[in-house]
Protein chains: 2
Amino acid sequence: MRKKYVYLFSEADSSKRELLGGKGANLAEMTSLGMPVPQGFTITTEACTRYYEDNEVIADEIIAEIYENMEKMEKITGKNFGDPNNPLLVSVRSGARASMPGMMDTILNLGLNDEVVVGLAKLTNNERFAYDSYRRFIQMYSDVVMEVGKSYFEKLIDQMKEEKGVTLDTELDADDLKKLVAMFKAEYKNAKGTDFPSDPKEQLIGAVKAVFRSWNNPRAIVYRRMNDIPSSWGTAVNVQAMVFGNMGETSGTGVAFTRNPSTGEKKLYGEFLMNAQGEDVVAGIRTPQPIEKLKEVSLDAYNEFVAFAEKLEKHYRDMQDMEFTIENKKLYMLQTRNGKRTAAAALQIAVDLVDEGLITEKEALLKVDPKQLDALLHPQFDENALKAATPIAKGLPASPGAACGKVYFTAEDATEAHKRGEKVILVRLETSPEDIEGMVASEGILTARGGMTSHAAVVARGMGTCCVAGCGDLVINEDEKFFEAHGLRFNEGDFISIDGSTGNIYGEAIPTVEATISGNFDRFMAWADKHRTLKVRTNADNPHDAEQAIKFGAEGVGLCRTEHMFFEADRIPAMREMIVSKTVEQRKAALAKLLPFQRKDFEGIFRAMQGHPVTIRFLDPPLHEFLPTDNKDIQALAKDMGLPFDELKATIDSLHEFNPMMGHRGCRLAVSYPEIAEMQTTAVIEAAIAVNKEGMKVIPEIMIPLVGDIAELQYVKKVVVSTADAIIKKAGVDLEYSVGTMIEIPRAAVLADEIAQEAEFFSFGTNDLTQMGYGFSRDDAAKFLEDYYAKQIFESDPFERLDQKGIGKLVEMAVKLGKSTRPNIKLGICGEHGGDPSTIEFCHRIGLTYVSCSPFRVPIARLAAAQAAVKCEK
Amino acid sequence: MRKKYVYLFSEADSSKRELLGGKGANLAEMTSLGMPVPQGFTITTEACTRYYEDNEVIADEIIAEIYENMEKMEKITGKNFGDPNNPLLVSVRSGARASMPGMMDTILNLGLNDEVVVGLAKLTNNERFAYDSYRRFIQMYSDVVMEVGKSYFEKLIDQMKEEKGVTLDTELDADDLKKLVAMFKAEYKNAKGTDFPSDPKEQLIGAVKAVFRSWNNPRAIVYRRMNDIPSSWGTAVNVQAMVFGNMGETSGTGVAFTRNPSTGEKKLYGEFLMNAQGEDVVAGIRTPQPIEKLKEVSLDAYNEFVAFAEKLEKHYRDMQDMEFTIENKKLYMLQTRNGKRTAAAALQIAVDLVDEGLITEKEALLKVDPKQLDALLHPQFDENALKAATPIAKGLPASPGAACGKVYFTAEDATEAHKRGEKVILVRLETSPEDIEGMVASEGILTARGGMTSHAAVVARGMGTCCVAGCGDLVINEDEKFFEAHGLRFNEGDFISIDGSTGNIYGEAIPTVEATISGNFDRFMAWADKHRTLKVRTNADNPHDAEQAIKFGAEGVGLCRTEHMFFEADRIPAMREMIVSKTVEQRKAALAKLLPFQRKDFEGIFRAMQGHPVTIRFLDPPLHEFLPTDNKDIQALAKDMGLPFDELKATIDSLHEFNPMMGHRGCRLAVSYPEIAEMQTTAVIEAAIAVNKEGMKVIPEIMIPLVGDIAELQYVKKVVVSTADAIIKKAGVDLEYSVGTMIEIPRAAVLADEIAQEAEFFSFGTNDLTQMGYGFSRDDAAKFLEDYYAKQIFESDPFERLDQKGIGKLVEMAVKLGKSTRPNIKLGICGEHGGDPSTIEFCHRIGLTYVSCSPFRVPIARLAAAQAAVKCEK
């Protein structure tokens, strides 16, 4: 059977989101619910995939199917494509499986040409409307399909307004617009060498191709990478009959949420603009009105919309984000989708939906993106400092949280400053999808234009980044890089602070404090804890982090990196003395100085963890990391240590490594210098004994890093066990402890059955496993991975999201092999991946005991673990 | 059933070599053949293993079994252990499964004490003999068992000789020896704090323990590492009744081979010393007589020995190396084993044994150690240069080949000099097992003392290192580091040349030329080629190496490293220009300059390979390797390139990598700069077309290195194929080529099924796979691997011998996965492991198509491949 690539909204099976994309599926669903949806058809994601397989050509059979469905659409609408007497105009929009707002291209008013526009003017008796639509179409089509002239067209409009002495687009009349049309077409021909296409069918295929192509535009690739969307999914294309919100003052357009996307409050929330097309609202060029005001303008339309909104929310059992258009008083539903929302709103909505009996606890767990929780845990302003500060201006509270940083006016400058380590507030007239990288790099985003549903607001909420939008008080000069607010001037690099929960803007740096967590949070997280099976531990190298993590619900320390304790100022001299030692005795003497520090640190961590298990990784980095490299510093150190410069220099030189990542580190240090492992064991065991005397039951887990061969582990374990047992015996106490290893070397993963003979637990060090498994170091790969993303060789950063296919295969092998020799082996992950939701799902699936992540990621991991459990039950 | 740890020679099953060790098995076999073997028993290798499991304690049950067997031995010999009236004295010797000559400890004359020695003197009526035996025993026991006083004892003997005004040990009389015994015992007590043990049973257990312990002495560990002997094997211990070659002039001892171990000539070959113990012959302190002379001394013993020798050779179907002792005219066989031999002898013997009908071709193939062939391929002196040279002295031609280098007098100095890159001739009075590392580091070995079976000679032949032994003309002063020969003085660092085939020594540097290969070699290698299934290719980066390899029987190029072509003086400027290019156009312009060089190189290699396949690996190393690093060189280069210093310096700095091994290299370069792959493809395809026009059928195999993900390969392959196909089309010719990849990244190994969808062949880059798989770089690991060997964590260098268990598991996985998607995939190995026999056997077993190695290793690989095939048939 021939594959079907095109479905009418009225015939599509709306459960097939992979095929129809989200927008297409929802249009089909609304159609079947009997709502007033402008009819049309969806070209499937498979057509997009086929387009790329066919080397970016749309196959003839697909084109034929599109034309067939165009004819069906003509029958449904009773209008004809390209017919000046009864013209059918269409919009062409992308619609991927997952929502990618603003990432791909849209074309409105397609089907217009010099004849049709005349007919349209006649039919609507509105010449201005007809030519405005035509001018918009030429502008969009040129930009999107042919990549011609966007900024030049804007300039032409500005010139025209200047000549006429007007300020608003709407003040241009039909004749002005006619002139603009002619100028746009001339520029198109000038740039492309061919006439602007007048055949609507040619326009249609060009537009479909443009949407397919936009799936792989750079900003879409970045967005997909950030949101874990595979490029193989492709996008669908929706061709829909146009309805016009810009047909005069009885027409309009708007967007609304069934609940407040910032707070979750159960109340219709949105805005509209009369005599406008949808892009006017989203682009934030004019500031729209709150949805309630629609009552005053068009009560029928308002009531109808409210009813639809309720129906859709019940139907989808989730908060909906809808677009509508009113054409000559008649309401049309253009789109519905599960609405994006802040973390606080997500929690509120999830909890409310359960209380309203609409969804179960388990379903509620799936309604909050774990990554969003980050926002709840983010800093707020220090209250006292805030009291002392006076806002210089106020905008819309578009995405909650507080941020403080230096002002930058372009996405590029923001990105650069972020790379230099600065905290950045991106200040823009309005943002556009091109700004995405700069937005990611910023602590906060401030715009002068646009509403709560403007690009800046939607994207910032999605990222959990603080945003104040539509602050009309600001006069921004992006070219000269400054802004003014009520006469105060701020230049690039000046500090400001913004509050995304209030909309306040402060002309100074205000210190921030940690987030506090609300009741919804605890209730929701209790559901998460009830339904998850994976334990969540934390990575903590000091008592403070351990305490923080316990507050966030950590159930143990999965990784305590002991070397961090040696870098502190009061310890590093002894560490350096140890490194330059020439004899075992000298080395032991230096280690003896480190022992009390290390023991005290462990005591603090054990106390903070209140009897939860603590995994302590023994010294891991190469020793040269503790020594200076440039001659001046060596000179100074030599003086401090009372060593001849030449001798110290020679020692440091002898420690040089070509590839430190693959050098003398991890358990290799303990093999060469077992006395280091002896000292560390002593510190761990003595600390555990001391804290146990206080009434806790500490079970230290000693972790030997970088093991590649069972003999390495055997050697070091023997040192650990003989040291520990001697101390325990001498102390005359009972103390349990275990000895395990990191699995971070590929060879260890494939020989995990053997290694499990000695190791009582495995902790997957997926950072190093990724480095060794891929054969590239994180530091060095950063440079060339940019080429990999650009050329779509990699879709995501394997250091942020575990590569489940390859590195994950090694992990899975190690799990199976390890269990084959030690069925009850404790299995964890302690790489940075441990806080990544997709990795956590993987860990759940392959049967790990726990994940470990930084304290602030603990709640994220708890929720991700619960989601994994719920998903796997299905 | 209780395990049996001790077997009498007369009851042991000689087929159980793993249990009895080689020496023990052969003693049992000779006993069952009815030969006059001094009886005794073997303590099994399992007892040794148990000893280590029990933390270096001999279990009581084993001690009891030893004592039981001692009693049986007393019954067999009719003598009693510790009985002054009829004393049983024993030797205690190690005997591992594989022969490890001189590596472990031996104790003779055990059972003597102050009473027994008196009885022995009476019984033998030879007081001097009795006390000489006693003094030897105390000396050996102290040294071996208690690690006391060897050099001090030697000094005491020297003092005694000086006082007496004599030069030979044999000139000391019974009273002198008595005094020495007293002095030795006093020193023992002084050093150890306890009396020298007088209880023979205590002596025996002490000796057994010493042998077990010697299994793990540093030189044994080094030897095992060099010879791929696992430490888990352990050693057996043979306790054998003493017979005495030092009982006067009707006694003696000797060693002999059934055929000449240097040439393979079928003629008894050996030497003996009258009135001596075995150690006197082996240690080379006195120069012994040729075996034929034994006729004159003791015709009966001679005839009997000849008969035994023939019988043993037929029995074992191999050349035998035997030790015998004559005690008062009665011949005793002390040992037989397959004799070590030179490569030339090994070939000759293998071929002769086939011609004599004793063995089959396949068996013959197993009789030559592939590594030995190296010696046949080693340089000989340039004939003309040799004619002009006059020897300064002549010694025994102990191990064939020619060598030239700087003189060093200690193993340590030789090792150091070798590390500095010097060619070394190690000059020693005599060598001992402690010298093993220095011997390995040397081009040639020259000794003043010892015969053809001295330590130096045996070890050098085993290693294929040139050796001249027993050159009495030399006066060597090891302390002051010079030697004199006929009045000429040579200091440390002076050049000499030695000829291990003639025994000539030259006081100058004589140039060497390549080896030429004899008829036996061709005949033997033809058998190897007939029986092997694995193909053997070579690694060659230029036409010269390719030609050399073809002469040695290579069947293609398995690895042509194209970057080597860019380092040459006429090319590197264009390479550097390419690297500093700022635009694609600049880069292409620079690459265009490299194209003709590369094309010409490929043409040369294709011609040399005469239609055999050639695998060309595309640019692999990081680009910074082609640029200077220090400011002076950068300054000079900037001048040459007409670039500002700062700009060039900045470019070089930007290329700096933290871990170059894991950086921007391999296919990652082609992803960033596809124009490099375009140029290389152009060079390969144009060269192939040109050479094909000469009538050859070149099938180039283009190999993309460092692939970790199928998408990388897809991207680069697309560049290669589109470039190649365009050239082929333009040339209007037919040309086959294939595109494959190295499997050298662990992730590629575990995803090989996917990668095989694109790769037409795999070549295992086991160097990098070992580095990434173990997570250590070869350069950096060298330092800490010494600790790993010393602590027995590693037994061999994983860069020399493929780690079959871990890295091999990855290779095997990749083979299976690769075949699962592409059943006919061509599979090779091109790391340095490709020339290692044990690795080759592994490659045969897992079903690779070919191995590739350096030209000089090709014959080794051919033989190793044949052996693998023969072994796997069994």
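Residues numbered from 1 in each chain as written. Chains lettered and ligands numbered in written order. Predicted model: local features only at pLDDT ≥ 70, side-chain atom pairs only at ≥ 80, totals over all residues. Heavy atoms only, no water.

### Concerning the overall build of chain A
To keep it simple, the criterion reads: Helix numbers and strand numbers start at the N terminus; a helix is a DSSP run of H or I with at least 4 residues, a strand a run of E with at least 2. Two things to know: the radius of gyration comes from C-alpha atoms, and the globule rule equals 2.2 Å times the number of residues to the power 0.38. Buried, partly exposed and exposed residues are distinguished by accessible area as a fraction of the type maximum, computed with a 1.4 Å probe on protein chains only: under 20%, between the cut-offs, and over 50%, respectively. Between two residues, a contact is recorded if the distance between any of their heavy atoms is within 4.5 Å.
Across its full length, chain A holds 35 helices and 31 strands. Relative to the 2.2 N^0.38 estimate, which gives 29 Å for 874 residues, the radius of gyration of chain A is 31 Å and therefore close to what a compact globule would have. Summarising its shape, the C-alpha atoms of chain A cover approximately 100 × 65 × 55 Å along the three principal directions. In chain A, which comprises 874 residues, the share counted as buried stands at 60%. By sequence separation, contacts in chain A at least 24 residues apart represent 69% of the contacts at least 6 residues apart.

### Here we look at the relation of the copies chain A and chain B
Put simply, the rule is: Each copy is superposed on the other by least squares, with the fit set by C-alpha atoms of residues at a pLDDT of at least 70 in both.
Expressed as a screw operation, the relation of chain A to chain B combines 0.0 Å of axial shift with a rotation of 180°, fitting to an RMSD of 0.1 Å. These values place the two chain copies in the arrangement generated by a two-fold rotation axis. By C-alpha distance to the rotation axis, the residue of chain A lying nearest is Asn659 of chain A, at 2.2 Å.

### Digging into the packing of helix H5 (residues 127-144) of chain B against helix H6 (residues 150-164) of chain B
All names here are of chain B. To keep things clear, this is the line we draw: Between N-to-C directions, angles cover 0 to 180 degrees, with each direction set by a line fitted to C-alpha atoms, over the stretch in contact for helices. Here is the rule for angles: anything less than 35 degrees is roughly parallel, anything more than 145 is roughly antiparallel, 65 through 115 is roughly perpendicular, and the remaining ranges are oblique. Under the grouping applied here, Gly and all other residues not named as nonpolar or charged are polar, the nonpolar ones being Ala, Val, Leu, Ile, Met, Phe, Trp, Tyr, Cys and Pro and the charged ones Asp, Glu, Lys and Arg.
At a closest axis distance of 9 Å, the pairing of H5 and H6 adopts a crossing angle of 155°. As summarised for this structure, H5 and H6 are arranged roughly antiparallel, according to the angle between their axes. Only Lys150, Phe153, Glu154 and Ile157 of H6 make contact with H5, whose side of the interface consists of Arg135, Ile138, Gln139, Ser142 and Asp143. Within the contact of H5 with H6, the residues separate by chemical class into three nonpolar, two polar and four charged.

### Observations concerning the packing of aromatic side chains
Heads up, the condition is: Ring geometry is summarised as follows: Phe, Tyr and Trp rings, the Trp one being its six-membered ring, pair when their centres sit within 6.5 Å, and such pairs are stacked at plane angles under 30 degrees, edge-to-face over 60 and tilted between the two. Whether a charge lies above a ring is judged from NZ of Lys or CZ of Arg, which has to be within 6 Å of the ring centre and within 35 degrees of the ring normal.
The full count for this structure, using the stated rule, is 46 aromatic pairs over all chains. Summarising the aromatic geometry, the rings of Phe381 of chain A and Tyr506 of chain A are spaced 5.8 Å apart at their centres and angled 80° between planes, so their arrangement reads as edge-to-face. Here Tyr506 of chain A lies in strand E22 (residues 504-506) and Phe381 of chain A lies in strand E11 (residues 380-381), a separation of 125 residues in the sequence. Phe381 of chain A sits in the buried class, given a relative accessible area of 5%. Given the relative accessible area of 4%, Tyr506 of chain A is considered buried. Seen from their ring centres, Phe483 of chain B and Phe490 of chain B are 5.1 Å apart, and the 20° between their planes marks the pair as stacked. Across the ring face of Tyr67 of chain A, the terminal group of Lys201 of chain A is positioned such that the distance to the ring centre comes to 4.6 Å. Here the guanidinium or amino end of Arg489 of chain A rests over the ring plane of Phe482 of chain A, the centre of that ring lying 3.7 Å away.

### So, the interface of chain A and chain B
We apply this condition: Buried area is understood as the total, over both parts, of accessible area removed when two parts are fitted together, assessed with a 1.4 Å probe. By salt bridge we mean one thing: a side-chain nitrogen of Lys or Arg within 4 Å of a carboxyl oxygen of Asp or Glu. Think of a polar contact as two N or O atoms within 3.5 Å of one another; within protein, one of them needs to be a possible hydrogen donor and the other a possible acceptor, and neighboring residues in sequence only count if both atoms come from side chains.
Taken together, the contact pairs 51 residues of chain A with 51 residues of chain B. Among the residues of chain A in contact with chain B, Met662, Arg747 and Asp780 of chain A are the three that bury the most area, contributing 15% of the side total. Joining chain A to chain B, the criterion identifies four salt bridges. Inspection of the region where chain A meets chain B yields 34 residue pairs in polar contact (both at pLDDT 80 or more). Ranked by residue count, the leading element in the side of chain A that touches chain B is helix H32 (residues 778-790) of chain A, at six residues.

### What to know about unusual backbone geometry
Residues and elements named next belong to chain A. If you check the backbone angles, Asn109 has positive phi at about 65° while not being a glycine. Positionally, Asn109 belongs in strand E4 (residues 106-110). Residue classification places Asn109 among the buried positions, given a relative accessible area of 0%.

### A closer look at the sheet that holds strand E21 (residues 495-499) of chain A
Residue and element names in this part refer to chain A. Short version of the rule: Pairs of strands are assigned from DSSP output, requiring at least two bridges between the strands.
Judged by pairing direction, the sheet is mixed, and its eight strands sit side by side in the order E12-E22-E21-E14-E15-E16-E17-E13 without closing on themselves. In this open sheet, the two strands that pair with only one neighbour each are strand E12 (391-394) and strand E13 (396-399). For this sheet, the mean inter-axis angle between neighbouring strands, taken without regard to orientation, is 30°. On top of the sheet, helix H17 (residues 411-419) reaches strand E14 (402-408) and strand E15 (424-428); it is set at about 175° to E15, its chief contact.

### A few points about helix H17 (residues 411-419) of chain B
Residues and elements named next belong to chain B. Listing the buried residues of H17 in full gives Ala411, Asp413, Ala414, Thr415 and Ala417. As for H17, its buried residues are in contact with strand E16 (402-408), strand E17 (424-428) and helix H18 (436-440). Following H17 by one or two positions, Gly421 has its phi on the positive side, about 95°.

### Some thoughts on the pattern of salt bridges
All told, the structure shown has 115 salt bridges over all chains when counted by the stated rule. Asp435 of chain A is paired through a salt bridge with Arg428 of chain A; the nearest N and O atoms lie 3.2 Å apart. Arg428 of chain A matches Asp435 of chain A in its accessibility class, with the two residues each being buried. Among the salt bridges present, the one from Glu555 of chain B reaches Lys535 of chain B, with a minimum N-O distance of 4.0 Å. Remark: Lys535 of chain B occurs in strand E26 (residues 535-539) and Glu555 of chain B occurs in the loop between helix H21 (543-551) and strand E27 (557-561); sequence separation between them is 20 residues. A cluster of three or more residues bridged by salt bridges with shared partners is formed by Asp529, Arg532, Lys535, Glu555 and Arg862 of chain A.

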